Amino acid sequence: QVQLVESGGGLVQPGGSLRLSCAASGRTFSSYIMCWFRQAPGKERQFVAAITQSGGFTYYAESVKGRFTISRDNTKNTVYLQMNSLKPEDTAVYYCAAKGGSYYSTTPGQYDYWGQGTQVTVSS
């Protein structure tokens, strides 16, 4: 069992930056692929970024590539999402999720554990 708690969301102007954190409970954090999804009002939950267990491989949605960076610190049981050059269309609730196994997925249903989400609003 893994419990995930996100933090770091807020209101930021276009072009600004935010860093989201997701703290995990349990001693098996390093065995999970970690991912960030987001969901805007009236839209489906959307893949943002994923990172493998050791942090050696990262994957991004095209819409955030070059602006967002996912990272993890297995000694702190925490995954991060650094978001730069934010745009109004990045406004959403951001969720972290954990998945076992060897392959990441862009499908929300493939993830075993979810946080409660943190709101990110990009507006002037």
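Shown above is the structure to which this text applies.
Thresholds, definitions, all that
Residues numbered from 1 in each chain as written. Predicted model: local features only at pLDDT ≥ 70, side-chain atom pairs only at ≥ 80, totals over all residues. Heavy atoms only, no water. Buried < 20%, exposed > 50% of the residue type's maximum accessible area, 1.4 Å probe, protein only. Helix = DSSP H or I, 4+ residues; strand = E, 2+ residues; numbered from the N terminus. Pairing = 2+ DSSP bridges. Salt bridge = Lys/Arg side-chain N within 4 Å of Asp/Glu carboxyl O. Disulfide = S-S within 2.5 Å. Phe/Tyr/Trp six-rings, centres within 6.5 Å; stacked < 30°, edge-to-face > 60°.

## Some details on the pairing of strand 7 (residues 68–73)
Of the two faces of strand 7, only one is covered, namely that formed by F68, I70 and R72; the face formed by T69, S71 and D73 stays uncovered. Note: strand 7 against strand 8 (residues 78–83), six bridges, orientation antiparallel. Within the sheet, the bridge partner assigned to T69 lies in strand 8 and is Q82. In textbook terms, the turn of a hairpin is the stretch between consecutive antiparallel strands, and for strand 7 and strand 8 this stretch comprises four residues, one of which, N77, has a positive phi near 55 degrees.

## As for the pattern of salt bridges
Counted by the stated rule, this structure contains three salt bridges. Between R38 and D90 there is a salt bridge; the shortest N-O distance is 2.9 Å. With R38 in strand 4 (residues 33–39) and D90 in the loop between strand 8 and strand 9 (92–99), this residue pair connects regions lying 52 residues apart in the sequence. Both residues of the pair, R38 and D90, belong to the buried class. The salt bridge partner of E62 is K65, with a shortest N-O separation of 2.7 Å. Salt bridges sharing partners connect three or more residues here, namely R38, R67 and D90.

## Notes on the state of the cysteines
This model, assessed by the stated rule, comprises one disulfide. There is a disulfide in this structure between C22 and C96, and the S-S distance comes to 1.9 Å. Disulfide C22-C96: the torsion about the S-S bond is 45 degrees, which places it as right-handed. Pair noted here: C22 is in strand 3 (residues 18–24) and C96 is in strand 9, with a separation of 74 residues, a long-range link. Each member of the pair, C22 together with C96, is buried. C35 forms no disulfide, and the closest cysteine sulfur to it belongs to C96, at a distance of 9.4 Å.

## Some details on unusual backbone geometry
For N77, which is not a glycine, the phi torsion comes out positive at approximately 55 degrees. With respect to the secondary-structure elements, N77 resides in the loop between strand 7 and strand 8. Positive phi outside glycine occurs at S85, with the angle close to 50 degrees. Mapping S85 onto the fold places it in the loop between strand 8 and strand 9.

## Re the packing of aromatic side chains
Throughout the structure, instances matching the rule amount to eight aromatic pairs. Aromatic pair Y32 and Y113: ring centres 5.8 Å apart, planes at 85 degrees, arrangement edge-to-face. Placement of the pair is Y32 in the loop between strand 3 and strand 4 and Y113 in strand 10 (residues 113–114), with a sequence separation of 81 residues. Between the aromatic rings of F37 and Y111, the centroid separation amounts to 5.3 Å while the plane-to-plane angle is 80 degrees, which identifies the pairing as edge-to-face. A residue pair is termed long-range when its members are at least 10 positions apart, and F37 in strand 4 and Y111 in the loop between strand 9 and strand 10 qualify at 74 residues.

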